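An overview of the molecular structure
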Amino acid sequence: MTTHILEVRGLHAAYGPTRVLQGIDLDIPTGQVVALLGANGAGKTTTLRALCQMMVSTEGRIMLAGQRIDGRSTEQIAKSGVGHVPDGRGTFLGLTTEENLRLGAYARASREGIEADMVRVFDYFPRLRERRGQQAGTLSGGEQQMLAIGRALMGKPRLLLLDEPSFGLAPLIVRDIFAIMRRINKEERVSILLVEQNAKLALDLADSAYLIETGRIVLSGPAAEIRSNDAVRKAYLGE
Ligand code: ATP
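Residues numbered from 1 in each chain as written. Predicted model: local features only at pLDDT ≥ 70, side-chain atom pairs only at ≥ 80, totals over all residues. Heavy atoms only, no water.

Named according to an unreviewed UniProt entry, the protein is ABC transporter ATP-binding protein originating from Acidovorax cavernicola. The UniProt entry for the protein carries the following comment under Sequence similarities (unreviewed entry): "Belongs to the ABC transporter superfamily." (UniProt positions renumbered as here; feature names shortened; annotations may be inferred.)

Okay, structure coming up:
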């Protein structure tokens, strides 16, 4: 029985001739939040895309709860229990909040419990309940981020891949969203891989963290250890 929801070994990824990931190893203990930190262009978004086999060609071994998922299609990976909240959020702007949430349910193994899960999403994000009939394109940035997370939850993921959930949002909204992500992690027992530019925020939420530089992992460890690392403090925490 594995204690890791995700084990990645020797992951390479390339966009055509452009090689971005140069052999990444990464472990996510089941139930934990792991942050992936790094500068612009280091390969964080590409790592999440590679895990879902999206837009990028990959080599290497990706195990979800002990089963290999590399080589599966993006849709099969979603159906295996990986929820992806991409950068730019990926909501359908012409559809309503509720329609977006229902689309998120396509990835689940069983049709049962969709209505109950929608109620749970609305309990986490009451703003979405108030705006269930509103077109997603007219939601605020924060509400769209909530919708993107809610939509991923409707797929009943075991692992959530979150790409820059704080991007472009006001600090108060970011604080709310991070508090809800902590609840989702605990209450839904969803493991989370969190890509964040805001290293302080990410390290407050995460149990452990990895630092990626030009497609290679250069540092990893418990969040508290990474937070007190001199290089991280200078380069990512502005201290
Ligand atoms: P950021 O925080 O700026 O999004 P990141 O760490 O997420 O940075 P990636 O988006 O993974 O970085 O980009 C890593 C490298 O891959 C960059 O050099 C980028 O230019 C390149 N890249 C990203 N997407 C593509 C693409 N579709 N085609 C070609 N190259 C790409």
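Okay, the overall build of the protein next. When helices and strands are tallied, the protein shows 10 helices and 10 strands. For the protein, whose C-alpha radius of gyration is 17 Å, the value lies close to the compact-globule estimate of 18 Å for 239 residues. Once the C-alpha set of the protein is aligned to its principal axes, its extents read approximately 45 × 40 × 35 Å. The buried share of the protein, taken over its 239 residues, is 50%. Expressed as a percentage of contacts within the protein between residues at least 6 apart in sequence, the contacts between residues at least 24 apart total 66%. For the protein, the centre of its 30 positive side-chain charges and the centre of its 27 negative side-chain charges are spaced 1 Å apart. (Helix = DSSP H or I, 4+ residues; strand = E, 2+ residues; numbered from the N terminus. Rg over C-alpha atoms; globule rule 2.2 N^0.38 Å. Buried < 20%, exposed > 50% of the residue type's maximum accessible area, 1.4 Å probe, protein only. Contact = heavy atoms within 4.5 Å. Lys, Arg positive; Asp, Glu negative; His and termini not counted. Charge placed at Lys NZ, Arg CZ, Asp CG, Glu CD.)

Turning our eyes to something else, we now look at the site of the ligand. Near the ligand lie 13 residues; those nearest to it are Gly41, Lys44, Thr45, Thr46 and Gln197. Asparagine 40 has a polar side-chain atom sitting 3.0 Å from an oxygen atom of the ligand. Between the ligand and glycine 41, the relevant distance is 2.8 Å, taken from an oxygen atom to a main-chain nitrogen or oxygen of the residue. Notes on the ligand: free accessible area 640 Å², of which the protein chains cover 61%. The element contributing the most residues to the shell around the ligand is helix H1 (residues 44-51), with four residues. In terms of residue class, the shell around the ligand is made up of four nonpolar, six polar and three charged. (Near = heavy atom within 4 Å. Polar contact = N/O pair within 3.5 Å; in protein donor to acceptor, adjacent residues only side chain to side chain. Areas by Shrake-Rupley, 256 points an atom, 1.4 Å probe, with all protein chains shown as cover. Nonpolar A, V, L, I, M, F, W, Y, C, P; charged D, E, K, R; others polar.)

Right, let's talk about the nonpolar core for a bit. Judged by nonpolar contacts, the single largest core of 45 residues is most densely connected at Leu37, Phe125, Ile149, Met181, Ile184 and Leu194. The contacts of phenylalanine 125, once residues within four sequence positions are left out, are Met146, Ile149, Gly150, Ile180 and Ile184. (Core = buried A, V, L, I, M, F, W, Y, C linked by side-chain atoms within 4.5 Å.)

Within the structure shown, the criterion is met by 18 salt bridges. When the shortest N-O distance is used, the salt bridge between arginine 120 and aspartate 117 registers 3.3 Å. Of this pair, arginine 120 and aspartate 117 both sit in helix H4 (residues 114-124), three residues apart, roughly one helical turn. In this structure, the salt-bridge partner of aspartate 204 is lysine 200, at a minimum N-O distance of 3.1 Å. One end of the pair is aspartate 204 and the other is lysine 200, both in helix H8 (residues 199-205) and four residues apart, which spans about a single turn. Note on aspartate 204: relative accessible area 40%, which makes it partly exposed. Note on lysine 200: relative accessible area 53%, which makes it exposed. (Salt bridge = Lys/Arg side-chain N within 4 Å of Asp/Glu carboxyl O.)

All right, on to the sheet that holds strand E5 (residues 67-68) then. Reading across the sheet, the four strands line up as E2-E1-E4-E5 and stay open at both edges, with antiparallel pairing between neighbours. Strands with a single pairing partner mark the edges of an open sheet, and in this sheet they are strand E2 (18-29) and E5. In this structure, strand E1 (residues 4-15) lies alongside strand E4 (residues 57-64), joined through seven bridges in antiparallel fashion. By the bridge assignment for E4, valine 8 is matched with isoleucine 62. Against the sheet, H1 touches E1, E2 and E4, its axis set at about 110 degrees to E1. (Pairing = 2+ DSSP bridges. Axes fitted to C-alpha atoms, helices over the stretch in contact; angles between N-to-C directions.)

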